[in-house]
Amino acid sequence: MALSEVLGCGSCVFWPRMLLFGDSITQFSFQQGGWGASLADKLVRKCDVLNRGFSGYNTRWAKIILPRLIKKGNSLDSPVAVTIFFGANDSALKEENPKQHIPLEEYAANLKSMVQYLQSVDVPENRIILITPPPLCEAAWEKECIAQGCKLNRRNVVVGEYARACVQVARDCQTDVLDLWTLMQDNENYSSYLSDGLHLSPKGNGFLFSHLWPLLEKKLSYLPFLLPYWRDVTEAKPELSLLGDGAPVDSHRE
């Protein structure tokens, strides 16, 4: 069958998508061993995982750009899941890092505003997961700050206030939440989860993925494996198999 004939047959394959929205910890999540890369691998041939991480951003800026990333469309355009992962920059100390710092009350309001916007464009609260900032290892991060010619510009106790605010917003908005700040500190040596005191190490990426996936799996378990298993493709006329409706197939065969 010529390609021109194929174009006239079969419907376009709808490929679901999920959105990872956050700061540098999201932007870097597609690096080798990153939590975003692990999600993409877990959801291959079921759902595209889109990385919309913006290094250095806070919720004030995130609230402004979110409508440029997701707009109201038909139901097929709506993401099947969205993670919102901010706070590491918002919680910077105002006196040391005024550009990134966002007051605690505004941070909470911005998170709530983003959840409400998603709801307005047909992304219901049961598809949204808020993620708190991870804990800060002050000793390691202070070394990074000194190397950049500045003073320590974050404190773990302050990050904890923002983490608690994030958890409260999730409760108020009835979304799921992953309290990374609390979970990581269940381990006395939580610094091993951080590469520089702020960003995630390979171990930290694995930790985040291991706690995030169970939340997502419940939301996305209905997604089928897209397009036929290779052994099921008709040899003589593959178009009979490949131009169908993309019915669910067994994803466990190789």
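Preceding this paragraph is the structure being described.
Residues numbered from 1 in each chain as written. Predicted model: local features only at pLDDT ≥ 70, side-chain atom pairs only at ≥ 80, totals over all residues. Heavy atoms only, no water.

Trainee: Help me get a handle on the overall build of the protein, residues and values and all.
Mentor: If you tally the helices and strands in the protein, you get ten helices and five strands. Each principal axis of the C-alpha distribution contributes one length, and for the protein these read about 70 × 35 × 30 Å. Burial status across the protein gives 45% buried among its 254 residues. Looking at the protein alone, contacts between residues at least 24 apart form 76% of all its contacts between residues at least 6 apart. Per element, the accessible surface of the protein, about 13,100 Å² overall, is 52% carbon and sulfur. If you average the places of the 26 positive and of the 29 negative side-chain charges in the protein, the two averages end up 4 Å apart. (Helix = DSSP H or I, 4+ residues; strand = E, 2+ residues; numbered from the N terminus. Buried < 20%, exposed > 50% of the residue type's maximum accessible area, 1.4 Å probe, protein only. Contact = heavy atoms within 4.5 Å. Areas by Shrake-Rupley, 256 points an atom, 1.4 Å probe, with all protein chains shown as cover. Lys, Arg positive; Asp, Glu negative; His and termini not counted. Charge placed at Lys NZ, Arg CZ, Asp CG, Glu CD.)

Trainee: Residue-level account of the nonpolar core, with values.
Mentor: The biggest cluster of nonpolar side chains holds 39 residues, and the ones touching the most others in it are M18, W35, L39, L208, L212, L216 and L220. For this core, the element with the most residues is helix α9 (residues 202–220), which contributes eight residues. In this structure L39 touches L20, V49, F209, L212, W213 and L216, once residues within four positions along its chain are discounted. (Core = buried A, V, L, I, M, F, W, Y, C linked by side-chain atoms within 4.5 Å.)

Trainee: Please give an account of the sheet that holds strand β3 (residues 81–85) that cites residues and values.
Mentor: As summarised here, the arrangement of the five strands in space is β2-β1-β3-β4-β5, forming an open sheet in which the pairing is parallel. Here the strands that pair on one side only, and so sit at the sheet edges, are β2 (48–53) and β5 (176–178). Here the average twist between neighbouring strands, direction ignored, is 20°. Judged from the six bridges that link them, strand β1 (residues 17–22) and β2 form a sheet pairing that is parallel. Bridged to L19 within β2 is L50. (Pairing = 2+ DSSP bridges. Axes fitted to C-alpha atoms, helices over the stretch in contact; angles between N-to-C directions.)

Trainee: Would you mind going over the packing of aromatic side chains in detail, with residue names and values included?
Mentor: For the structure shown, the criterion picks out nine aromatic pairs. When the ring of F21 is compared with that of F54, the centres are 6.3 Å apart and the planes differ by 80°; the resulting orientation is edge-to-face. Taken together, the residues F21 in strand β1 and F54 in the loop between β2 and α4 (59–69) connect sequence positions 33 residues apart. F54 gets classed as partly exposed once you look at its relative accessible area, which sits at 22%. Summarising the aromatic geometry, the rings of Y57 and W61 are spaced 5.5 Å apart at their centres and angled 85° between planes, so their arrangement reads as edge-to-face. Judged by relative accessible area, which is 27%, Y57 ranks as partly exposed. Here the aromatic cluster, defined as three or more aromatic residues joined through ring pairs, consists of F21, F54, Y57, W61 and F86. (Phe/Tyr/Trp six-rings, centres within 6.5 Å; stacked < 30°, edge-to-face > 60°.)

Trainee: Just give me the short version of unusual backbone geometry, but keep the residues and values in it.
Mentor: Notably, R45 is not glycine yet its phi reads approximately 65°, a positive angle. Within the secondary structure, R45 sits in the loop between α3 (35–42) and β2. Taking the relative accessible area as the measure of exposure, R45 reaches 31% and is therefore partly exposed. The backbone of Q174 sits at a positive phi, close to 60°, despite the residue not being glycine. For Q174, the location among the structural elements is in the loop between α7 (156–173) and β5.

Trainee: Got a sec to walk through the pattern of salt bridges? Specific residues and values, please.
Mentor: Counted according to the given criterion, the structure contains five salt bridges. Ionic pairing is found between D176 and K219, a salt bridge with its closest N-O pair at 2.9 Å. With D176 in strand β5 and K219 in helix α9, this residue pair connects regions lying 43 residues apart in the sequence. For D176, a relative accessible area of 26% gives the class partly exposed. Among the residues examined, K219 registers a relative accessible area of 16% and is labelled buried. (Salt bridge = Lys/Arg side-chain N within 4 Å of Asp/Glu carboxyl O.)

Trainee: Describe the packing of α3 against α9, listing the residues and the values that go with them.
Mentor: The N-to-C vectors of α3 and α9 enclose an angle of 40°; their axes lie 9 Å apart at closest approach. Judged on the interaxial angle alone, α9 and α3 are oblique. Remark: the crossing between α3 and α9 carries right-handed chirality. Together, W35, S38, L39 and K42 of α3 and N205, L208, F209, L212, W213 and L216 of α9 make up the contact between the two elements. For the contact of α3 with α9, the residue count by class is seven nonpolar, two polar and one charged. (Parallel < 35°, antiparallel > 145°, perpendicular 65-115°, else oblique. Left-handed = near helix turned anticlockwise from the far one by under 90°. Nonpolar A, V, L, I, M, F, W, Y, C, P; charged D, E, K, R; others polar.)

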